[in-house]
Structure formats: structure tokens, C-alpha cells
Amino acid sequence: MIEEISVPRTGRPGEPSRVVIGDALALLDGWLEGRRAVVITDSNLKAAYPELVGRFPHVVIGLGERHKTLETVGEVYRELLRLGADRGSYLVGIGGGIVTDVTGFVASTYMRGVSGFGFVATSLLAQVDASVGGKNGVNLDGYKNFVGVFNQPDFVLCDRKMLDTLPERELRAGLAEVVKCGLIGDRSLFELFEGRTFADFTADPEAMHRAITASVGLKARVVAADERERGDRKLLNLGHTLAHAVEKCTGRYLHGEAVGIGLCVAAGVSRKLGLVTESDVARVVRVVGAMGLPTAVAPELNISAEQLLTAAASDKKREATSISYVLMEGIGRAVCRRLTLADLNTLTTDLLV
């Protein structure tokens, strides 16, 4: 089964970014016919799919967020030069969110932009979020996606079978972004998780397919209306302001795990502001926990609320003394408000310790 979702691209009418979900890997050759493709991947993916990667000239980057940096981008540029890549080359990122972010950034900046690029998204997080929508960024001194571009790929292939080799922890982390999508704009998607455990959910092929297609569909609608994140696209940041701070301060959590914590904090803040009920907060915490995701920073890490809020204050969504913060309005609806940093501290301190 294959489904395709198109995401319009500014300045390219009739040439949308196409996200293919299902038995999608078989379509790669058709996308690359007549193109001079160079693959960017990581060492794990090269080991897992040697025949796929080995068919193309390729560049291998390191594993983990610590390699999602400008230093890595520079290394990729040099490898592309060594391989003879030029502006007519076509880049393909085969991997998870780090690989797709780096690939999109490199494709947009190498020689001021190559002929095109696409992704084979191999992690759930990449399939439902990171590779869709054209935000390609790298970290700077631990601050998430601080340097980046908006540039949508020509295609994203989301093959369900590739998730079979994904470590369980990575699969859990990807589900956090699906839960987020449900909270933002798809109540029935959120309800799909209720009463299920992680094992129940991931063992159900129909539930997993629904999770991927619904998440991509929601993101496609949001991006189509606001490609450059000047309005409603900011809603996709639900849970992310504190999540980025958690990632930076702890160095322990995967992005999706930190998002799980951020969603619980955002629900708590929304309750304090009268936007959701205590029952709604309990539902969010229960679903996040049932998927095996953390609902709070582990006490043994000895990370203070002050440390987290200091990191959050440096988030790229801050302007002067206020920050754009996404709140819940019930289950399945979100709203973006500007909070002063002082208000953010007051509203979140007791939720973080």
C-alpha cells in the first residue's frame, strides 16, 4: 500500500514536495533516473543497507546530535569536492532526522545550491516530522537547529519496512512527535493512543500507518499555509521550547524523549492559564508515559529548573524579553502566545522540579 501527500513549495507552482508512505523504497530509482546522485548517510545506515548505499557515491557522517554541526557540514562539503560533486549534482539523504537535516542544509548551500535533493527517511521521527516541511538546520554550541534554511526536498520516501531495524528507543522517540500532532490538530489521532501500551500500538500495522499518514498530512496542511513559520507553523513547536532546553542541559535524552517531557510541561502551563482541564493534563501525561517516554526530567540528573529556563531563554523563538510559546486549548487544538521570560519562569518552575 502506498499513499502520497503533496506539500506545496513557494516559488515552484506545480512542483510540490512529495511524501510517499508505504512500500516507498522501490520508487527511489525512478526519482533518480537521469540524475547524478550522491548519498549522505551515517555509519549505522551504511552497515544496515550496504547494497543500497553502495550503489552511489556517498558521504558518511557521525552518529548523534553532537555531529549535527557546522563542523560536520564543512566535512561534507570537502567530501563532495573530493567526489567531484558540482551544482548539477543531486543529493539524497538516507537516514534519520540528523542525516536529513544535514543533507537539506548542505544541498541548499553547497555551491549556493545543487540541482535538487530528496530523502529516504529511515526513522519514525524523520518520517513524521524531521524530513517533512523543509526546515533544515544544524546545532550551534548545543542550541538546537540554530543555523538553518527553509528548503523543501523534492521527495521524501517513508518505507514502513525500514522501521523494522530501528531500535525500540528510537521508535518510542518518534511517537512523541505523533502524539504532538494529535494534540495540535487531530483529536482522533491522539485518542488512537489512549488505552494502549507502546507494544500494543507498534504491533498494530494499521495504527502505525495511520500515525505516519495523519502526522504527515497535518504537517503538510500547516506548511502549505505557512511555509516560512511566520504564523500557524509555529504550532508545530508544541513542547519543543522546553524540549530543546532539556536536550542541551542533560545530554541524555533523544529529541523525542525531550519532546515527551515538553508536552507534559506545556499541558501543565496550559492548565494554569485556564486553557485545559486537569483531566486533559492527566490524559497527556498518561499517553506519553504509556508510550514509554519520560514525563519529567529524571531527578538523579540534578538539573535545576533555573538551568532549564536559562537554556530556554536562549531559544531561537525568543525576541528581546519574550518568547513564542505553544499552548494547548483542549485536546486537538493549540494556540501560540508570547510570554515574557518572567512569566515563563513563574508558570513552569514547579513543573520542572
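The structure contained in this document is the topic of the report that follows. These numbers come from a predicted model, not from an experiment.

Description of the sheet that holds strand β6 (residues 116-121)
Pairing in this open sheet of seven strands is mixed, and the strands run β1-β2-β9-β6-β5-β3-β4 from one edge to the other. Each end of this open sheet is capped by a strand with a single partner; those strands are β1 (2-7) and β4 (58-61). In this sheet, neighbouring strand axes are inclined to one another by 15 degrees on average, regardless of whether the strands run parallel or antiparallel. When strand β3 (residues 36-42) meets strand β5 (residues 89-95), the two strands line up parallel, connected through six bridges. For Arg36, the partnering residue across the bridge sits in β5 and is Ser89. Packing against the sheet, helix α10 (residues 205-225) makes contact with β1 and β2 (17-22), and its axis sits at approximately 15 degrees to β1.

As for the environment of Arg318
Here Arg318 shows up in strand β10 (residues 318-319). Taking relative accessible area as the criterion, Arg318 reaches 36% and is therefore assigned partly exposed. Considering only alpha carbons, one finds Arg318 and Ser6, 312 residues apart in sequence, at a separation of 31 Å. Setting aside residues no more than four positions away along its own chain, Arg318 makes contact with Ala313, Ile323, Arg338 and Leu341.

Quick look at unusual backbone geometry
The phi dihedral of Met111 is positive, around 55 degrees, even though this residue is not glycine. Positionally, Met111 belongs in the loop between α5 (97-109) and β6. In this model, Asn302 sits at a positive phi of 55 degrees, which is unusual for a non-glycine residue. In this fold, Asn302 is placed in the loop between α13 (278-290) and α14 (305-312).

Considerations on the sheet that holds strand β11 (residues 322-328)
Sheet architecture is open: three strands sit in the order β10-β11-β12, paired in antiparallel fashion. Edge strands, defined here as strands with exactly one partner in the open sheet, are β10 and β12 (334-340). Alignment of β10 against β11, held across two bridges, turns out to be antiparallel. Looking at β11, one finds that Arg318 is bridged to Ile323. Contacts between helix α15 (residues 341-352) and the sheet are confined to β10, β11 and β12, with β12 contributing the most and set at about 115 degrees to the helix.

A word on the packing of aromatic side chains
Counted under the stated rule, the structure contains six aromatic pairs. When the ring of Trp31 is compared with that of Phe155, the centres are 4.8 Å apart and the planes differ by 25 degrees; the resulting orientation is stacked. A residue pair is termed long-range when its members are at least 10 positions apart, and Trp31 in helix α1 (residues 28-32) and Phe155 in strand β9 (residues 155-159) qualify at 124 residues. For Trp31, a relative accessible area of 17% puts it in the buried group. Residue Phe155 is classed as buried on the basis of its relative accessible area, which comes to 0%. Ring geometry for Phe193 and Phe201: centres 4.3 Å apart, planes at 5 degrees, overall stacked. Each member of the pair, Phe193 as well as Phe201, is classed as buried.

Quick word on the pairing of β11
Summarising burial for β11: seven of the seven residues are buried, a large majority. In sequence, β10 turns back onto β11 through a hairpin of two residues, with Ala320 there showing a positive phi of about 55 degrees. Here seven bridges tie β11 to β12, and the two strands are oriented antiparallel to one another. Each residue of the ladder has a partner; that of Leu327, found in β12, is Val335.

What counts and what doesn't
- Residues numbered from 1 in each chain as written.
- Predicted model: local features only at pLDDT ≥ 70, side-chain atom pairs only at ≥ 80, totals over all residues.
- Heavy atoms only, no water.
- Pairing = 2+ DSSP bridges.
- Helix = DSSP H or I, 4+ residues; strand = E, 2+ residues; numbered from the N terminus.
- Axes fitted to C-alpha atoms, helices over the stretch in contact; angles between N-to-C directions.
- Contact = heavy atoms within 4.5 Å.
- Buried < 20%, exposed > 50% of the residue type's maximum accessible area, 1.4 Å probe, protein only.
- Phe/Tyr/Trp six-rings, centres within 6.5 Å; stacked < 30°, edge-to-face > 60°.

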